[in-house]
Amino acid sequence: MNRLPNIAKQPAKPSQRKEKAPPEVPALITDKERGAYYEKGRFLGKGGFAHCYELTNRATREVVAGKVVPKTMLVKQYQRDKMTQEVQIHRELSHKNIVKLFHFFEDSLNVYITLELCARRSLMELHKRRKAVTEPEARYFTHQVVEGVLYLHDLKIIHRDMKLGNLFLNDDLVVKIGDFGLATTVDGDERKKTLCGTPNYIAPEVLNKMGHSFEVDIWAVGCILYILLFGQPPFESKSLEETYSRIRHNNYTIPSVASQPAAALIRKMLDPEPTRRPTAKQVHRDIFFKSGFMPTRLPVSCLTMVPKFAGHETSMMEENVAPNGVDTRGQRPLNGRAGLAPLPHHMISNNVERERAQQQAAEATFREPEDAYLSQLFHQVAVLLEQRIPGLEEEEAALDGYQSPECLPIFWISKWVDYSDKYGIGYQLCDNSVGVLFNDNSRIMLDTAGGELTYIEKSNKEHYFSMHNGDIPQTLNKKVTLLKYFRSYMNDHLVKAGEGSEQRVGDELARLPTLRVWFRTKSAIVLHLSNGTVQINFFNDHVKMMMCPLMQAVTFIDQNKRMLTYKFSNLQRNGCPEKFLHRLKYAKTMIERLMSDASAVSHNPPRQGEAPRSMASARSASAGSRGPLHSGGQLPQSASGSNIHPRR
Ligand SMILES: Nc1ncnc2c1ncn2[C@@H]1O[C@H](COP(=O)(O)OP(=O)(O)OP(=O)(O)O)[C@@H](O)[C@H]1O
């Protein structure tokens, strides 16, 4: 375990307000000119200037993103000019890969800009959760970015601040270029001399003040493709000075794992000589985008889990297949697709591509730490608790300014049923997919639409089946039946969830996070998902907490069902209400226990039919409770949870 810095504890003091006060925003915002009214909804995030909220048009019920800039932030002429310039360029644009700017208006307090809602945040959050993505995903995202840039450059507009955080994602994971704060238009061969503000992926000609033009966006796209493929920026270093020096000397290396077309395109875009860089049109036509599989659509799960791409017909080891007590001898071997599921034929052109995509996804999965980030999370929470954390009033902590809603987990457990007395624990994720962690430590998962089944052996080997093809092996029958039983139980007995929704293109690529380890204590159930999220549901007051080591953040769902998301660093800086602080202390102990339970399971796997230690401890903690699926489903209070349907 990592050693912690030895920082003396000091008593926490009530805080002075640390965050800039959020703008005063009326609950009903009026656009007088158009006679439109918007209801203020959930807080989406804040930038240097703006706070952003979901706004619902009262007449049409259309939901948009509303950027709110208080007039107090626009007192200086240059501030007003910047905003006018941004809006003037942005409002004229109309393209599927550009955030649509609808309207621009003001009231006595604020200036408002209504924008196309990008509810899945930006490629920055994807990067934090996933680090390097697979090449098909990088192709998918970059191709859309380039389509947007091509459109802008055709209109003689340079964006000048292309970065992951300005590449927004809508619910269908379509990329939308946003934030035109540094954008400018170009006349003929004009080379721009000045640039207010520092673009993130700054090109050498900007650093050297040599005059710049469209090529700076291509340079930035080169940086973006590099980060997507290799998980870090090409010129990153410990200091800004060193980074600038590396940019000036074109000092970067392309990891050997890169495919030849990917490496070649990056080299072309990161050419130190701007005139040698390809134009947006040339990038758009580059062989990289045709050299392998490019999905037409990606599932939401790829924001946190590496997708599955290609297929292999393999058989599963029989000893790992059967539910407890079922004799597998004499039954036909499983013909699941181990590792990666097949693609529809229209999506792949040959086996080599499929093999490459599969190989890459398998390697990415392999690189995930064996403990699914538990020790990282433990370290983060321990470091936080070692520091002096100022106190903060609960109501103040609920103010938007303290929140980081972009760190909200993509998945959490919304319902669970503990039937570990006999079979295991069943659970539903917030997207209505369902899973079971069986007592033999195998796992099964069915997606929201009920079409894609994943079976994970206790050795972690994954197999994928379609519920519609009739290819589910007999040896899995009992587990599939139990899964369906759990599913209908959760739908019938706990807060009603919608029926399975339509299967969408791209969903066949989804790999959902699964429950990895769990236990119950007298006061809470503790659940660890394979994507690193640790969730604790407290029984007495129904408060829930979800901690994410990759976003380094915690979300509390309080008694009023409010979702409150804090970065650990912000809790340390701004303070933490006592009510949450003592839960973080409890969480630290629970994470430690998850670590020891998980290692007990993996180092000393249970024999067939024997509960792993984590399960055994769960059972002893809930001693006396009967299995919830037992005799008609009479459910003891503590054995299930219909948890999370929060107000957001
Ligand atoms: N179209 C949108 N849909 C959903 N959320 C959005 C949208 N635009 C912005 N946001 C959210 O609002 C936050 C603030 O927006 P943005 O970063 O554009 O503000 P800003 O003050 O102009 O930023 P900057 O400091 O980068 O200039 C973003 O981090 C993002 O989480």
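Residues numbered from 1 in each chain as written. Predicted model: local features only at pLDDT ≥ 70, side-chain atom pairs only at ≥ 80, totals over all residues. Heavy atoms only, no water.

**Some remarks on the sheet that holds strand β6 (residues 110-115)**
Now for step 1: Pairing within the open sheet is antiparallel, and its six strands lie in the order β1-β2-β3-β4-β6-β5. Looking at the sheet topology across the chains shown, the edges are occupied by β1 (28-31) and β5 (101-106). Across the sheet, the axes of successive neighbouring strands diverge by a mean angle of 35°, strand direction being ignored.
Now for step 2: Sheet analysis places strand β4 (residues 63-70) next to β6, joined by six bridges and oriented antiparallel. Its bridge partner being in β6, K67 is matched across the sheet by I113.
Now for step 3: Together, β4, β5 and β6 form the strand contacts of helix α1 (residues 77-91), whose direction differs from that of β5 by roughly 145°. (Pairing = 2+ DSSP bridges. Helix = DSSP H or I, 4+ residues; strand = E, 2+ residues; numbered from the N terminus. Axes fitted to C-alpha atoms, helices over the stretch in contact; angles between N-to-C directions. Contact = heavy atoms within 4.5 Å.)

**Some words on the side chain of R139**
Now for step 1: Structurally, R139 is set in helix α3 (residues 135-154).
Now for step 2: Under the relative-accessibility criterion, R139 is labelled buried at 3%.
Now for step 3: Within the structure, the side chain of R139 is placed 3.5 Å from the side chain of S291, a separation counted as a polar contact.
Now for step 4: Engagement of the side chain of R139 in a polar contact is seen with the backbone oxygen of F293, the distance being 2.7 Å.
Now for step 5: Non-local contacts of R139, meaning those with residues more than four positions away in its chain, are made with F288, F289, S291, G292, F293 and M294. (Buried < 20%, exposed > 50% of the residue type's maximum accessible area, 1.4 Å probe, protein only. Polar contact = N/O pair within 3.5 Å; in protein donor to acceptor, adjacent residues only side chain to side chain.)

**Here's the deal with the site of the ligand**
Now for step 1: If you check the shell around the ligand, you find 18 residues, and the closest are G48, F49, A50, E116 and C118.
Now for step 2: Within the backbone of A50, one N or O atom sits 2.8 Å away from an oxygen atom of the ligand.
Now for step 3: The backbone of E116 places a nitrogen or oxygen atom 2.9 Å from a nitrogen atom of the ligand.
Now for step 4: For the ligand, whose accessible area on its own is 620 Å², the fraction buried by protein is 81%.
Now for step 5: Per-element tally for the shell around the ligand: the top contributor is strand β2 (residues 36-46), with three residues.
Now for step 6: For the shell around the ligand, the class distribution of residues is 10 nonpolar, three polar and five charged.
Now for step 7: Looking at which domains feed residues into the shell around the ligand, each of domain 1 (28-115) and domain 2 (121-298) supplies at least three. (Near = heavy atom within 4 Å. Areas by Shrake-Rupley, 256 points an atom, 1.4 Å probe, with all protein chains shown as cover. Nonpolar A, V, L, I, M, F, W, Y, C, P; charged D, E, K, R; others polar. Domains from an automatic or database assignment.)

**Side note on the UniProt feature "domain: POLO box" (unreviewed entry) in the protein**
Now for step 1: Taken from the UniProt record, the annotation "domain: POLO box" (unreviewed entry) applies to residues 412-492 and 514-596.
Now for step 2: Secondary structure within residues 412-492 divides into 20% helix and 40% strand; the distance between the first and last C-alpha atoms comes to 20 Å. (UniProt positions renumbered as here; feature names shortened; annotations may be inferred.)

**A short note on the pattern of salt bridges**
Now for step 1: Applying the stated criterion across every chain, the model contains 26 salt bridges.
Now for step 2: For R130, the salt bridge identified is with E137, shortest N-O distance 2.7 Å. Residue R130 shares its accessibility class with E137, and that shared class is buried.
Now for step 3: Put simply, K192 and E190 hold a salt bridge, and the shortest N to O gap is 3.1 Å.
Now for step 4: A relative accessible area of 30% means that E190 is categorised as partly exposed.
Now for step 5: Here the salt bridges do not stand alone but share partners, grouping E395, D558 and R562 into one network. (Salt bridge = Lys/Arg side-chain N within 4 Å of Asp/Glu carboxyl O.)

**Let's talk about the pairing of β4**
Consecutive residues of a regular strand have side chains that alternate between opposite faces of the sheet.
Now for step 1: Most of β4 sits inside the fold, with seven of its eight residues counted as buried.
Now for step 2: Both strand β3 (residues 51-57) and β4 contribute to a ladder of six bridges, which runs antiparallel. Looking across to β4, one finds that C52 is bridged to K67.
Now for step 3: Where β3 hands over to β4, the hairpin turn is made up of five residues, of which R61 adopts a positive phi near 65°.

**Focus: the packing of α3 against helix α5 (residues 215-230)**
Now for step 1: Packing of α3 against α5 brings their axes to within 10 Å, and their N-to-C directions diverge by 165°. Between α3 and α5, the crossing angle belongs to the class labelled roughly antiparallel. α5 is crossed by α3, and the crossing has right-handed handedness. Facing α3, whose interface residues are E135, A138, F141, T142, V145, V146, V149 and H153, α5 presents D217, I218, V221, L225, L228 and L229.
Now for step 2: Each residue belonging to the contact of α3 with α5 can be placed in one class, and the counts come to 10 nonpolar, two polar and two charged. (Parallel < 35°, antiparallel > 145°, perpendicular 65-115°, else oblique. Left-handed = near helix turned anticlockwise from the far one by under 90°.)

**Re unusual backbone geometry**
Now for step 1: You will see that K131, though not glycine, has its phi angle at about 55°, which is positive.
Now for step 2: For K131, the position within the fold is in the loop between α2 (123-130) and α3.
Now for step 3: The exposure class assigned to K131 is partly exposed, which follows from its relative accessible area of 43%.

**With respect to the nonpolar core**
Now for step 1: The biggest cluster of nonpolar side chains holds 88 residues, and the ones touching the most others in it are F141, M162 and I266.
Now for step 2: With 13 residues, α5 is the single largest residue contributor to this core.
Now for step 3: Those residues within four positions of I266 in sequence are excluded, and the remaining contacts are L225, Y226, L229, F230, Y252 and I254.
Now for step 4: Core analysis: the next-biggest nonpolar cluster, separate from the first, contains 37 residues, L392, A397, I536 and L584 among them. (Core = buried A, V, L, I, M, F, W, Y, C linked by side-chain atoms within 4.5 Å.)

**With respect to the domain arrangement of the protein**
Now for step 1: Each assigned domain of the protein is listed with its residue range as follows: domain 1 (28-115), domain 2 (121-298) and domain 3 (379-600).
Now for step 2: Centre-to-centre, using C-alpha coordinates, domain 1 lies 35 Å away from domain 3.
Now for step 3: Between domain 1 and domain 3, the contact holds seven residues from the first and four residues from the second.
Now for step 4: Interface area for domain 1 against domain 3, summed over the two sides, is near 420 Å², with a carbon-plus-sulfur share of 52%.
Now for step 5: Among the residues domain 1 hides against domain 3, the three largest losses belong to F43, L44 and K46. Together they make up 71% of the total.
Now for step 6: The interface formed by domain 1 and domain 3 holds zero salt bridges in total. (Buried area = accessible area lost by both parts, 1.4 Å probe.)

**Notes on the pairing of β2**
Now for step 1: Note that β1 and β2 share four bridges and pair antiparallel. Counterpart to D31 in the pairing with β2 is A36.
Now for step 2: Hairpin connection between β1 and β2: a loop of four residues separates the two successive antiparallel strands, and G35 in this loop has a positive phi of roughly 65°.
Now for step 3: Two elements, β2 and β3, share six bridges in a ladder whose sense is antiparallel. Paired with K40 across the two strands is L55, which belongs to β3.
Now for step 4: Between β2 and the antiparallel strand that follows it, β3, lie four residues.

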